[in-house]
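Chain by chain, the residues:
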There are 2 protein chains.
Amino acid sequence: MAKNLELSYLIDFYGDVLTDKQRDVMDQYYNADLSLAEIAENFGITRQGVRDSIKRGEAILLDLEDKVGFARRHRELQDKSAQLQALAKDIEFRNNAGYARSDAIAKDVEQMLALLETLDD
Amino acid sequence: MAKNLELSYLIDFYGDVLTDKQRDVMDQYYNADLSLAEIAENFGITRQGVRDSIKRGEAILLDLEDKVGFARRHRELQDKSAQLQALAKDIEFRNNAGYARSDAIAKDVEQMLALLETLDD
């Protein structure tokens, strides 16, 4: 079973909807990167029990992301935030350099406002 | 039973986790503002059936928000977005007015960058 990095991300967002044990199993597998055998030993269950628990947890998290889309939106937000930071730093630079009535600053602001319009989509 | 406006908001975020029927009932009650009697007639069930369906749906949505917190984060994001827009418009005004090496623009940018740091919290 190949580890899906996306799952590690989904555990952060939706982990609390799992039972404590299920979340702990998922966390040890995806975030602490333990093997099925190590997790089985930690919980005193079989490797197959661990595998089943992970499969069930994965199904719950993937279904929730499919229906709610929070992780996808969060990635889009991080992307927009990085663009806004770059624009803000550009304004900072141009302002410090003393460009009054700067077309470049005006363009930065225009781009910022357009991005901000879509921020909470 | 008093209508909770928060629920209308939660239906937008998490409505897809409900069954189609449950979501439709919730939607008619919270968004279309129909009465229990009207909804009962639409679905051919009793008013008590509608009431039970709404109660179950509410419990699911409130529990999910409690665990995932997407609606709360979205409100915080809208608030920050409004602050960023105000700052961008302030920069636009000052730039158009021709204030080169403006301390006010520098301060706006500083506030922007601080807000952007927390945008995806």
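A brief look at the structure comes next. (Residues numbered from 1 in each chain as written. Chains lettered and ligands numbered in written order. Predicted model: local features only at pLDDT ≥ 70, side-chain atom pairs only at ≥ 80, totals over all residues. Heavy atoms only, no water.)

### As for the interface of chain A and chain B
Here comes step 1: At the interface, 36 residues of chain A touch 36 residues of chain B.
Here comes step 2: Buried area between chain A and chain B, both sides added, is near 3200 Å², and the carbon and sulfur share of it is 66%.
Here comes step 3: Of all residues in chain A, the largest losses of buried area upon contact with chain B belong to Phe70(A), Asn95(A) and Asp120(A), amounting jointly to 17% of the total for that side.
Here comes step 4: Counting the contacts that link chain A with chain B gives zero salt bridges.
Here comes step 5: Here chain A is connected to chain B by two residue pairs in polar contact (both at pLDDT 80 or more).
Here comes step 6: Secondary structure elements with two or more residues in the side of chain A that touches chain B: α1 (5-14), α4 (47-68), α5 (70-96) and α6 (103-117) of chain A.
Here comes step 7: If you tally residues by element for the side of chain A that touches chain B, the top one is α5(A), at 14 residues.
Here comes step 8: Here the residues of the side of chain A that touches chain B sort into 20 nonpolar, eight polar and eight charged. (Contact = heavy atoms within 4.5 Å. Buried area = accessible area lost by both parts, 1.4 Å probe. Salt bridge = Lys/Arg side-chain N within 4 Å of Asp/Glu carboxyl O. Polar contact = N/O pair within 3.5 Å; in protein donor to acceptor, adjacent residues only side chain to side chain. Helix = DSSP H or I, 4+ residues; strand = E, 2+ residues; numbered from the N terminus. Nonpolar A, V, L, I, M, F, W, Y, C, P; charged D, E, K, R; others polar.)

### Section: the packing of aromatic side chains
Here comes step 1: With the rule as written, the count across this model stands at 11 aromatic pairs over all chains.
Here comes step 2: Ring centres of Phe13(A) and Tyr14(A) lie 6.4 Å apart, and the angle between their planes is 55 degrees; this geometry places the pair in the tilted category.
Here comes step 3: Ring centres of Tyr9(B) and Phe13(B) lie 5.1 Å apart, and the angle between their planes is 75 degrees; on these two criteria the pair is classed as edge-to-face. Taken together, the residues span about one helical turn, with Tyr9(B) and Phe13(B) both in helix α1 (residues 5-14) at a distance of four residues.
Here comes step 4: Linked through ring pairs, Tyr9(A), Phe13(A), Tyr14(A), Phe70(A), Tyr9(B), Phe13(B), Tyr14(B) and Phe70(B) together constitute an aromatic cluster. (Phe/Tyr/Trp six-rings, centres within 6.5 Å; stacked < 30°, edge-to-face > 60°.)

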